[in-house]
Amino acid sequence: QVQLVESGGGLVQPGGSLVLSCASSGFTLDDYSVTWFRQAPGKEREGVSCTSQSGIVYYSKSAMDRFKISRDNAKNIVYLRLAQLRPEDAGVYYCAAQEWVVTYTTWNEPNEYHTWGQGTQVTVSS
């Protein structure tokens, strides 16, 4: 019943922007932490940003000051604004959710999350 669906990916030039959406259903978003991960070919899945159940927001070092996560609990949507995009930002972006408290040591660990979307592709190229 719990489901996440990502959308908004596409092709952008370096320096460009995208807004990704993670639409949730089957649960109350306000009770969940939601994290955006990304995975490029040949690389490990890495946490990008988290909007935690506790209200704390986390960013990876590379995402900090360039990306912005937000949530609309009434609409059950979590957004990730990607700005100043670089080729190394390319990959499949996934959102994931779980209802337990995450911290600065756990928010970016994929195994902490039990619900995942199918991913949306972000390509950064000239």
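Residues numbered from 1 in each chain as written. Predicted model: local features only at pLDDT ≥ 70, side-chain atom pairs only at ≥ 80, totals over all residues. Heavy atoms only, no water.

Novice: How would you summarise the sheet that holds strand β8 (residues 77–82) if you had to cite specific residues and measurements?
Specialist: Hydrogen bonds between backbone atoms are what pair the strands of a sheet, whose relative direction is either parallel or antiparallel. Pairing is antiparallel across the open sheet formed by four strands, whose spatial order is β1-β3-β8-β7. Looking along the sheet, the strands with just one partner apiece sit at the ends: β1 (3–7) and β7 (67–72). Neighbouring strand axes in the sheet, compared pairwise and without regard to direction, differ in orientation by 15 degrees on average. Two elements, β7 and β8, share six bridges in a ladder whose sense is antiparallel. In the sheet register, I69 faces β8, and the bridge partner there is L80. (Pairing = 2+ DSSP bridges. Helix = DSSP H or I, 4+ residues; strand = E, 2+ residues; numbered from the N terminus. Axes fitted to C-alpha atoms, helices over the stretch in contact; angles between N-to-C directions.)

Novice: Before we move on, could you go through the packing of aromatic side chains and cite the residues and values that matter?
Specialist: All chains considered together, the criterion is met by six aromatic pairs. Taken together, a centroid distance of 4.9 Å and an interplanar angle of 40 degrees make the contact between F37 and W116 tilted. Separated by 79 residues along the polypeptide, F37 in strand β4 (residues 33–39) and W116 in strand β10 (residues 115–116) bring together distant segments of the chain. Note on W116: relative accessible area 25%, which makes it partly exposed. Ring geometry for Y58 against W107: centres 5.8 Å apart, planes inclined by 5 degrees, an arrangement best described as stacked. With Y58 in strand β6 (residues 57–59) and W107 in the loop between β9 (91–98) and β10, this pair connects stretches of sequence that are 49 residues apart. (Phe/Tyr/Trp six-rings, centres within 6.5 Å; stacked < 30°, edge-to-face > 60°. Buried < 20%, exposed > 50% of the residue type's maximum accessible area, 1.4 Å probe, protein only.)

Novice: Account for the pattern of salt bridges, naming residues and giving values.
Specialist: In this structure the tally under the stated criterion is three salt bridges. Here R38 makes a salt bridge to D89, at a shortest N to O gap of 2.9 Å. In this pair, R38 sits in strand β4 while D89 sits in the loop between β8 and β9, placing the two residues 51 residues apart along the sequence. Two residues, D89 and R66, come together in a salt bridge whose shortest N-O distance is 2.7 Å. A residue pair is termed long-range when its members are at least 10 positions apart, and D89 in the loop between β8 and β9 and R66 in the loop between β6 and β7 qualify at 23 residues. Comparing D89 with R66 shows no difference in burial state: the two are buried. Look at the salt bridges and you will find they share partners, linking R38, E46, R66 and D89 into a network. (Salt bridge = Lys/Arg side-chain N within 4 Å of Asp/Glu carboxyl O.)

Novice: Explain the environment of T123 to me, using residue names and the numbers behind them.
Specialist: Tracing the backbone shows T123 in strand β11 (residues 120–124). It is 10.0 Å that separates the C-alpha atoms of T123 and A40, two residues lying 83 residues apart in sequence.

Novice: How would you summarise the pairing of β1 if you had to cite specific residues and measurements?
Specialist: Within a regular strand, side chains alternate between the sheet's two faces. Burial along β1 is one-sided: L4 and E6 are buried, and none of Q3, V5 and S7, which face the opposite way, are. Sheet analysis places β1 next to strand β3 (residues 18–25), joined by five bridges and oriented antiparallel. Counterpart to E6 in the pairing with β3 is C22.

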